[in-house]
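# Secondary and tertiary structure notes
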Amino acid sequence: METTCTSKSFDPISLEFNNENVWDLICAGKTKGIFQLESNLGKSWAKRVKPRNIEELAALVSIIRPGTLKAIQDGKSMTQRFVDRKNLTEEITYLHPSLEPILKGTQGVLVYQEQSMKIAQQLAGFNLQEADNLRKAIGKKKANLMAEVKKAFLEGAIKKKVVSKEDAEEIFSWIEKSSRYAFNKSHAVSYAICAYWSAYAKTYHPLEFYCNYLIYSSGKPDPQQEVKELVNDAKNNEIYVSPPSIKAINTLTDIIDGQIHFGLLSVKSVGMKQIEKFKTVISSVETELEEKHLSDWSWYEFLTLASPRVNSRMLIALISVGFFSHLPESRQKMLDEFDTWNSLTKKEQEWAFVNHSKYKDVLNLLKAMTPTKKEGGATFNVKRSSMLRDLVYHLETPAYSLKDDPEWVIRSEENYLGVSLTYSRIEACDTHLANTTIREFIEGKRGDIKMAVTISEVKRYTTKSGKMKGSEMAFLCVEDKTGTLDTVTIFSEKWKEYKGLLYESNNVIICGGSSKRKRYQVDDGFIVDRIIELG
Amino acid sequence: MNYRDIIVFDFETGSRNPYKTQPVQIAAVAIHGRKLTIQPEGYFESLIRPELDDERAIELGLDPIEDEALAVNGKTRKELAKAPQPKAVWKKFTNFVDKYNFKKTNFYAPLAAGYNIIGFDLPIVDRMCEQYGPKHKKSGRQGLFNPIYKLDLMHTVWMWMENNADVNSLSMDAMRDLLSMDKENAHDALQDVKDTANILIAFMKLHRRIAPKVKFEKAFADGNNLHI
């Protein structure tokens, strides 16, 4: 068995920023897990900006910050202006020709603090110290300092005569306004380099990328949501993550035989101490069973020999996520038998431990235990004997079905791992009306699209402008067994009609087509026209 | 707001006083709270061994088992004597309900539902939880079902039928007649809960169809009325 999560490495310092595949990944908005670009905002603006070099990537990182998005000039945010100019849908203009060399790299938009410093040097003759004072005044919003700097700027501009006094005043007011959003370029470039490195890792070492990202997702504000998004993103890249398994007891998520396996530590209710104890118990029982490996034990052997020494909550969690799924027993049956086992007294469990090999399963073991000690059984008195008879009754005649229904498996895995790995909800439905999978849509299939999906997120949104101002619409994130799509839009009228069907975990067929954002040559969004609920 | 599952349950008992009666059978059906469908594998049924010795039952503060009650639910003393004790059955029932508490918290606990449960079955649940658990840590009340919402189908039926001159009784049998439901196996706990679950689902679906058409927002600002 080969574990390789950290064995592959590359030297980021030696990378040049000219790998077309890496830029393609960023331009396609496949930026889940990419430094600074993993939010929905990052994904959507990456597709519009389409950066092909570090300079453009640094600009992208800078313009998707809140200040830039909110800085409106002539009814358009600075972010939008940058993108429109980059995509040649708006003409690039400069307040004065002298600004062109300074602002050319950012489509004529003042993005960086360093650009303000350069303007002050070129137009007002500031030395580096004075230019740095300007940066401080902008960055720290010091009114007194700003007034002093403004005076010096205007005096310098008059003296230098590159621009008129009026133009100098306008340029300075523009610099002042930029204080709300302008970003430090050296900072932005560092971010862009890190973003490129992580995109490189995702492009060329995807298994290691997802594996490590899953390990560190516990540090995110909502680890379960992060895990879900990563696993679904991995699915889009045909990488499937497996639950922890008896075949590979790894503490942390790891790559085992070429596949990512969740570690025991990824399971809710499981901690380091419990894992260490679990491993010690397993190894001691393996010795007792003459080196019989855990993966060769039967459920009955595990239950009678190991379970009494393992933390109950941990074992319930492991059974629920399919840790023992290679065994013939259903998860429900294992949980039921473990519950029965826990109803025994310590003395009765000890009797079972010693005598387990004489019986083939829990039912026969309990039947043998039921008589009192005097009668050759394991119980102390008639009362205990009667209680064990009840346990036998329910093993023989279960009060409820012990089959694993997919809905329960999905919910259990979501509860303990954050994501369902064994089943996709949609798999249990009749999807013959659908004609496209999510992967086919992502890969470019267009036309009259009908996708059978499970809704994984609904984001309501109140329209702020246009004819439908004030009305509610929604954005959906949907998934099927081939992947996940987070660019589904349902406009107000359709939202009103179908909102009763649009809730998390519902299975539906979404009918509609791709959204055409010709301005950015992006058409990967999906506009919902009709929804059919699946049973 | 309904992201919890619903457990429709019913006790068959040996007498009529919910505070002293001995349950002899329990059955339940789990409903998917959003889809309003019966969960696959979502059925529970078990006999419960009561105290069949009348004097011992009275000593324990319980009603003796009445033959009339057994005649209604079709159970015999002989078969009940072989049934598991209440504690064992209750443990299995709590495991069954917990299976549908998908976040394992009180907030996500399934809603208790049934026919006349507020007046009859829920007091029995309280007694069983008091004796065998689970109990809510702070309130000390039953900790099995959702502590706030309870769905008593009889209340829903009353609201729809209270002005219907053709309906004289709200018993389950009267409902079966009215809705032309099969009465075979009626008063078997599992059959009763299946019937109750199906009627509940039908009403909830009806509500879902009608509710979006009702103008709730600011309805009382303009004449204290709700309009479709």
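All names here are of chain A. Counting buried residues in strand β9 (residues 507-514) gives 8 out of 8 residues, a clear majority hidden from the surface. As paired elements, strand β6 (residues 449-462) and β9 share 6 bridges and run antiparallel to each other. Note on β9: the bridge partner recorded for Val453 is Val508. Pairing of β9 with strand β10 (residues 526-533), which is carried by 7 bridges, proceeds in the antiparallel orientation. Its bridge partner being in β10, Gly512 is matched across the sheet by Val528.

Our focus in this paragraph is the nonpolar core. In terms of nonpolar packing, the biggest core is built from 124 residues, with Leu57, Phe153, Phe302 and Phe324 of chain A touching the most fellow members. Top element by residues in this core is helix α11 (residues 185-204) of chain A. It accounts for 8 residues. Apart from residues no more than four positions distant in its own chain, Phe153 of chain A is found in contact with Ile119, Ala120, Ala124, Phe126, Ala168, Ile171, Phe172 and Ile175 of chain A. Counting 27 residues, the second largest nonpolar core, distinct from the first, contains Phe9, Ile26, Ile48 and Phe145 of chain B.

Another point: the confidence of the model for chain B. All names here are of chain B. In the predicted model, chain B carries a mean pLDDT of 93, and 99% of its residues have values of at least 70. Helix α7 (residues 172-178) is the least confidently modelled element of chain B, averaging 91 in pLDDT, while strand β4 (residues 111-114) averages 98, the highest of any element. Overall fold confidence for the complex sits at a pTM of 0.85, while the interface term, ipTM, reaches 0.93.

Looking at the secondary structure, you find His326 of chain A in the loop between α16 (312-321) and α17 (331-342). The residues contacting His326 of chain A, other than those within four sequence positions of it, are Ile246, Lys247 and Ser295 of chain A.

For the rest of this paragraph, the subject is the sheet that holds strand β4 (residues 254-256) of chain A. The strands that make up a sheet are held in pairs by hydrogen bonds between backbone atoms, and each pair lies either parallel or antiparallel. Residues and elements named next belong to chain A. The strand order across the open sheet built from 3 strands is β3-β5-β4, with neighbouring strands paired in mixed fashion. Unpaired on one side and paired on the other, β3 (241-242) and β4 mark the two borders of the sheet. With 3 bridges joining them, β4 and strand β5 (residues 259-261) adopt antiparallel strand pairing. In the strand pairing of β5, Ile256 is matched with Gln259.

Let's shift gears to the environment of Arg313 of chain A. Residues and elements named next belong to chain A. Mapped onto the elements of the fold, Arg313 is located in helix α16. Taking relative accessible area as the criterion, Arg313 reaches 59% and is therefore assigned exposed. The spacing of Arg313 and Lys347 is 34 residues in sequence and 22 Å in space, taken between C-alpha atoms.

This paragraph deals with the packing of aromatic side chains. What characterises a pair of aromatic rings is the spacing of the ring centres plus the angle enclosed by the ring planes. Applying the stated criterion across every chain yields a total of 34 aromatic pairs over all chains. On the numbers, 6.1 Å between centres and 40° between planes, the contact of Phe183 of chain A with Tyr191 of chain A is tilted. Tyr191 of chain A carries the same exposure label as Phe183 of chain A, and that label is buried. Following the ring pairs from residue to residue traces out a cluster consisting of Tyr400 of chain A together with Phe9, Phe11, Phe44, Trp90, Phe93, Phe96, Tyr100 and Phe145 of chain B.

Take a nonpolar patch on the surface next. Residue and element names in this part refer to chain A. There is a patch of nonpolar side chains on the surface, built from Leu252, Leu265 and Met272 and spanning about 250 Å² of accessible area. Residue placement: Leu252 occurs in the loop between β3 and β4. Among the residues examined, Leu252 registers a relative accessible area of 45% and is labelled partly exposed.

The subject of this paragraph is the interface of chain B and chain A. Contacts between the two partners involve 29 residues from chain B and, on the opposite side, 20 residues from chain A. Between chain B and chain A, the buried area comes to about 2400 Å², and carbon and sulfur atoms account for 48% of it. Its largest share of buried area at the contact with chain A, chain B owes to Glu41, Lys92 and Lys99 of chain B, together 28% of the area lost on that side. Viewed at the interface, chain A and chain B are joined by 5 salt bridges. Of the charged contacts in the structure, one is a salt bridge between Glu407 of chain A and Lys35 of chain B, with a shortest N-O distance of 3.7 Å. The set of elements that each furnish at least two residues to the side of chain B that touches chain A consists of β3 (38-47) and α4 (86-99) of chain B. Across the side of chain B that touches chain A, the residue classes break down as 11 nonpolar, 5 polar and 13 charged.

Rules of the game
Residues numbered from 1 in each chain as written. Chains lettered and ligands numbered in written order. Predicted model: local features only at pLDDT ≥ 70, side-chain atom pairs only at ≥ 80, totals over all residues. Heavy atoms only, no water. Buried < 20%, exposed > 50% of the residue type's maximum accessible area, 1.4 Å probe, protein only. Helix = DSSP H or I, 4+ residues; strand = E, 2+ residues; numbered from the N terminus. Pairing = 2+ DSSP bridges. Core = buried A, V, L, I, M, F, W, Y, C linked by side-chain atoms within 4.5 Å. Contact = heavy atoms within 4.5 Å. pLDDT = per-residue confidence, 0-100. Phe/Tyr/Trp six-rings, centres within 6.5 Å; stacked < 30°, edge-to-face > 60°. Patch = residues over 30% accessible without salt bridge, like charges linked within 9 Å, V, L, I, M, F, W, Y side chains within 5 Å. Areas by Shrake-Rupley, 256 points an atom, 1.4 Å probe, with all protein chains shown as cover. Salt bridge = Lys/Arg side-chain N within 4 Å of Asp/Glu carboxyl O. Buried area = accessible area lost by both parts, 1.4 Å probe. Nonpolar A, V, L, I, M, F, W, Y, C, P; charged D, E, K, R; others polar.

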